[in-house]
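This is what each chain is made of:
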Amino acid sequence: MNWFNSLFRREPAGSAAVAKNRLKIAIQIDRSNLSPELLNVLQDDIVRAISQRVDIDRAGMRITTERGEGGQRRIIADIPIKSVRSKVASSE
Amino acid sequence: MAGTVVTITSGKGGVGKTTTTANLGVALARRSKRVACIDADIGLRNLDVVLGLENRIVYDIVDVVEGRARLRQALIRDKRLPELQMIPAAQTRDKTAVNPQQMMKLADDLRNDFDFILIDSPAGIEHGFKNAIAPADRVLIVTTPEVSAVRDADRIIGLVEAAEKPKPQLILNRLRPGMVKRGDMLATEDVLEILAIDLIGIVPEDESIITSTNRGNPVALEEKTAAGAAYGRIAQRLMGEDVPFGVFAENTSLFGRLSRWFRSPNGGNGA
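Since the model is a prediction, treat every value here as computed from it, not as a measurement.

Conventions we followed
- Residues numbered from 1 in each chain as written.
- Chains lettered and ligands numbered in written order.
- Predicted model: local features only at pLDDT ≥ 70, side-chain atom pairs only at ≥ 80, totals over all residues.
- Helix = DSSP H or I, 4+ residues; strand = E, 2+ residues; numbered from the N terminus.
- Rg over C-alpha atoms; globule rule 2.2 N^0.38 Å.
- Buried ≥ 20, exposed ≤ 12 C-beta atoms within 10 Å, placed from the backbone.
- Contact = placed C-beta atoms within 7 Å.
- pLDDT = per-residue confidence, 0-100.
- Expected span 1.5 Å × (residues − 1).
- Pairing = 2+ DSSP bridges.
- Axes fitted to C-alpha atoms, helices over the stretch in contact; angles between N-to-C directions.
- Left-handed = near helix turned anticlockwise from the far one by under 90°.
- Nonpolar A, V, L, I, M, F, W, Y, C, P; charged D, E, K, R; others polar.
- Arc of directions from axis to C-beta.

Peer 1: Quick question: what am I supposed to make of the overall build of chain B here?
Peer 2: Secondary structure assignment for chain B yields twelve helices and eight strands. Taking 271 residues into account, the globule formula puts the C-alpha radius of gyration at 18 Å, and chain B, at 19 Å, falls close to it. Projected onto its principal axes, the C-alpha coordinates of chain B cover approximately 70 × 40 × 35 Å. Burial analysis of chain B (271 residues in total) assigns 47% to the buried set. Considering only contacts within chain B whose residues lie at least 6 apart along the sequence, 75% involve residues at least 24 apart.

Peer 1: What exactly am I supposed to notice about the overall build of chain A here?
Peer 2: Across its full length, chain A carries three helices and four strands. Seen in sequence order, chain A has helices and strands lined up from the N terminus as α-α-α-β-β-β-β. In chain A, which comprises 92 residues, the proportion classed as buried is 4%. Counting only contacts in chain A whose residues sit at least 6 apart along the sequence, the fraction spanning at least 24 positions is 47%.

Peer 1: I'm lost on the confidence of the model for chain B in this one. Help?
Peer 2: Caution applies to low-pLDDT regions: their predicted coordinates should not be interpreted in detail. Looking at chain B, pLDDT values average 91 and 91% of them are 70 or higher. Contacts from residues 264-271 of chain B, a stretch scored under 50 in pLDDT, to residues over four places away or in other chains number ten contacts.

Peer 1: Got a minute to help me understand helix α3 (residues 36-51) of chain A in this structure?
Peer 2: Relative to the 22 Å expected for 16 residues at 1.5 Å per residue, α3(A) spans 22 Å between its end C-alpha atoms, a close match to the ideal helical length. Among the 16 residues in α3(A), zero count as buried, and that is only a small part of the element.

Peer 1: Could you clarify how one ought to interpret unusual backbone geometry in this entry?
Peer 2: If a residue is not glycine, its phi is most likely negative; likewise, a peptide bond is most likely trans. Residues and elements named next belong to chain B. Even without being a glycine, R174 presents a positive backbone phi close to 60 degrees. With respect to the secondary-structure elements, R174 resides in strand β7 (residues 169-175). Residue R174 is classed as buried on the basis of its C-beta count, with 21 C-beta atoms lying within 10 Å. Even without glycine at this site, A196 takes up a positive phi of about 55 degrees. Looking at the element boundaries, A196 is found in the loop between α9 (188-195) and β8 (198-204). Classification of A196 as exposed rests on a count of 10 C-beta atoms within 10 Å.

Peer 1: Can you help me understand the sheet that holds strand β3 (residues 76-77) of chain B in this one?
Peer 2: Pairing between the strands of a sheet comes from backbone hydrogen bonds, and it takes one of two forms, parallel or antiparallel. All names here are of chain B. Here we have eight strands laid out as an open sheet, ordered β3-β4-β2-β5-β1-β6-β7-β8, and mixed in their pairing. In this open sheet, the two edge strands, each paired with only one partner strand, are β3 and β8. Looking at chain direction, strand β2 (residues 35-39) and strand β5 (residues 116-120) are connected through five bridges and run parallel. Paired with D39 across the strands is D120, a residue of β5.

Peer 1: It is not clear to me how the packing of helix α7 (residues 147-162) of chain B against α9(B) should be interpreted in this structure. Could you clarify?
Peer 2: When two helices pack together, their arrangement is given by the angle between the helix axes and the distance between those axes. All names here are of chain B. Direction vectors running N to C along α7 and α9 enclose 35 degrees, while the axes themselves pass 10 Å from each other. The interaxial crossing formed by α7 with α9 has right-handed handedness. Contacts from V150, A153, D154 and I157 in α7 reach V191, I194 and L195 in α9. Grouping the constituent residues of the contact of α7 with α9 by class yields six nonpolar, no polar and one charged.

Peer 1: What is the right way to read the environment of B:A134 from this model?
Peer 2: Residue and element names in this part refer to chain B. Following the sequence through the fold, A134 ends up in the loop between α6 (127-133) and β6 (138-143). Given 23 C-beta atoms within 10 Å, A134 falls into the buried group. When the C-alpha atoms of A134 and R31 are compared, they prove to be 27 Å apart, with 103 residues separating the residues in sequence. In this view, A134 contacts P100, M103 and M104; residues no more than four positions away in its chain are not counted.

Peer 1: Is there a simple way to think about the environment of A:D44 in this case?
Peer 2: Tracing the chain through its elements places A:D44 in helix α3. As a C-alpha pair, A:D44 and A:N21 span 23 residues in sequence and 36 Å in three-dimensional space.

Peer 1: For this particular structure, what's the right way to read helix α2 (residues 15-31) of chain A?
Peer 2: Because each turn of an α-helix spans 3.6 residues, side chains separated by three or four positions end up pointing in the same direction. Residues and elements named next belong to chain A. Between its first and last C-alpha atoms α2 spans 24 Å; for 17 residues at 1.5 Å apiece the expected length is 24 Å, and the two agree. Within α2 the residues assigned to the buried category are K20, L23 and I27. Looking straight down α2, one finds its buried side chains confined to an arc of 70 degrees; they lie on one side.

Peer 1: For this particular structure, what's the right way to read the pairing of β2(B)?
Peer 2: Residues in a regular strand project their side chains so that they alternate between the two faces of the sheet. Residue and element names in this part refer to chain B. β2 sits mainly inside the fold: five of its five residues count as buried. Of the two faces of β2, both are covered, the one formed by V35, C37 and D39 as well as the one formed by A36 and I38. Here four bridges tie β2 to strand β4 (residues 84-87), and the two strands are oriented parallel to one another. Residue pairing in the sheet places V35 in a bridge with L84 of β4.

Right under this line is the structure:
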């Protein structure tokens, strides 16, 4: 029966549905691609925010993007800590 | 009133930008609009052959921007349609021979004498695309219902928005209604959902495009074919008319019906 079925039956799910799903994911990734310039700006923003509380090793800092599950992109920041500033306790 | 500059672009090559530009030019000119078509694909000139005007070229776009020819001298008048004129691309130069400021000046010089200035953009996202987009008042994105073309269209839409142009409109080209019906081709709604822009026209796959281009007579010269009629409707929408989007008839020949009957799982009851 198998050869008979494969002769007369088209693919079970239309290929258009597959195309649509693949496109959605590919485009989501394309749209969330961060340019190197934007990554540099983000790095400066992060340094400024974190440095108020924590003394970090700027030279050893890495910021990258990575594809997570389901194609979603995520920002990965790897920031070596030198020391925690002591006056953190007061939030003023 | 000053003319409107419409840039036709796509990102991916081979989806029908030049055919679209030529046929929209023809369809608008048939409706008594004064149209100038500009081939911005410098080094890979093609709008001239699609329009059937390749034997009449003396000067090209680079001659105009570099001052070797006046605009009037470079404009080729289409003998079939008095309202249609074309500026060819240069064939022996590269895309850097023209810059966006020169394109804007050229378009501005044409605005007084034409109702529509159609710019045929080269494929890609670099220099030639930036030239084509610089003077645009409106941008039409051409795509086919294929993953590669739709993905590139999405990139181009992002770049058009980054250039602070009005939101582009979509021409879905080479749609095959039979395949869509079988679930084997992205439907218009699928493409619109993914790209999130407005539709300005659907052009069905049509062999007459090939035969008419072979002869240098764009299908829109006579709007008897499905594709020719589709370009006519897009031209009307460009002119601001509210034209409903047609539904394309499926292949209803006996052979077409029989072959579908054999292909479907339970004898023609396919979705």
